[in-house]
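The residues making up each chain are set out below.
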Amino acid sequence: MHRGGKLEMRSTIPVRDKEDLSLAYTPGVARVCTAIADNPRLANDYTWTSKVVAVVTDGTAVLGLGDIGPAASMPVMEGKSLLFKEFAGVDSVPIALDCTGVDEIVETVVRLAPSFGGINLEDISAPRCFEIEDRLRAALDIPVFHDDQHGTAIVTLAALKNAACLIGRPLSDLRAVVAGAGASGVAVTRMLLGAGIGDIAVSDSRGLIYPGRAGLNPVKEALAADTNRAGLRGSTEEALRGADVFIGLSGGTVHESAIAAMADDAIVFALSNPTPEVPPEVARRHARVVATGRSDFPNQINNVLAFPGIFRGALDVRARTITEGMKLAAADALAAIVGDDLAPDHIIPGPFDERVAPAVSAAVAEQARREGVARR
């Protein structure tokens, strides 16, 4: 499947004779160039710029493989572009950068940006990924979206909304524990806070995060200030006593006894891939709802449910950015698709549900217009 790559470029117009050639290229193309030089905004109408996404990585956090470098990351970036096209009709170009410095990456992407309508950051390690995204969002007037953060967060929120509905409790009544304070763990936590979760504690490799704990970087210090209102300290497993929700994004393991100690009707999202923090069949002995990141178990939390539709909606309205409101709208639209089919083993649509991308893109586009970041 992968031999020769998974992508190709195709023309959208035929070139059958000299007349076609003279219009598609020189001399006819010069009239288009001159018009764009006089009015740069015309590039949105007369080039593909406004509808194509750059899929950018430095190869430092590829899947569960870690820092494997730009060349080895390309099969994944090609796969990402494939998913953009197959699931939402979005054209994209995979770009693997041979640099890892924050300043280098930001400068490179800023210089590339005039050729694209959006930037999808991919597989860039934490904590650099947070600064890179923040700086690019400030510098550019096109959507910048780190999928490892926000795609995971959007799908997780959608699934958790439905799981909470299934057990008959609002998000505001739930206490959650997130294992992992990398890109996805931070983003999931931030999104759940924005959605009104009751309380949420986050752990990293050194235990629970709380204000004043030694060894916190600036991202974790900010997280400590906004989470763990109960003031919990110690390990992930200690925090799970009586907790309603566990979200694993750490690559670690959680013993069955810790899941058994959770509250009644517990919700367990063991999302590390390919090995969940707790085997799903074990978690189901004690939890009402169980989800993983794997396709061979029910309730797969899969980013492909989010990023194609999000960019489709943002590009369709030529959004300047992707706001928190647009992400929440995407989560709501995704959750709503399940509808009357809601069940413990069906809290999120499958990746091949053809309703997903249209529903997400429509919600994102509408919210962009509502917030005034759409340009059409």
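The name given to the chain in an unreviewed UniProt entry is NADP-dependent malic enzyme, and the organism recorded there is Actinomadura keratinilytica. For the chain, the Sequence similarities (unreviewed entry) comment in UniProt is given as "Belongs to the malic enzymes family."

K.L.:
Got a sec to walk through the sheet that holds strand E5 (residues 175-179)? Specific residues and values, please.
P.N.:
Sheets are built from strands paired through backbone hydrogen bonds, the pairs being either parallel or antiparallel. An order of E7-E6-E5-E8-E9-E10 is seen for the 6 strands of this open sheet, with the pairing classed as mixed. The open sheet has two free edges, formed respectively by strand E7 (207-208) and strand E10 (287-292), since each of these has just one partner strand. Across 4 bridges, the pairing between E5 and strand E8 (residues 245-248) is parallel. The residue bridging Val178 from the neighbouring strand is Ile247, located in E8. Here helix H8 (residues 183-195) sits on the sheet and contacts E5, strand E6 (199-204) and E8; the angle it forms with E6, its principal contact strand, is near 175°.

K.L.:
Would you mind going over a nonpolar patch on the surface in detail, with residue names and values included?
P.N.:
Taken together, Ile13, Val15, Leu21 and Tyr25 make up a surface patch of nonpolar side chains, about 420 Å² in accessible area. When you line up the elements, Ile13 lands in the segment before helix H1 (18-24). Residue classification places Ile13 among the partly exposed positions, given a relative accessible area of 47%.

Reading guide: rules and limits
- Residues numbered from 1 in each chain as written.
- Predicted model: local features only at pLDDT ≥ 70, side-chain atom pairs only at ≥ 80, totals over all residues.
- Heavy atoms only, no water.
- UniProt positions renumbered as here; feature names shortened; annotations may be inferred.
- Pairing = 2+ DSSP bridges.
- Helix = DSSP H or I, 4+ residues; strand = E, 2+ residues; numbered from the N terminus.
- Contact = heavy atoms within 4.5 Å.
- Axes fitted to C-alpha atoms, helices over the stretch in contact; angles between N-to-C directions.
- Patch = residues over 30% accessible without salt bridge, like charges linked within 9 Å, V, L, I, M, F, W, Y side chains within 5 Å.
- Areas by Shrake-Rupley, 256 points an atom, 1.4 Å probe, with all protein chains shown as cover.
- Salt bridge = Lys/Arg side-chain N within 4 Å of Asp/Glu carboxyl O.
- Buried < 20%, exposed > 50% of the residue type's maximum accessible area, 1.4 Å probe, protein only.

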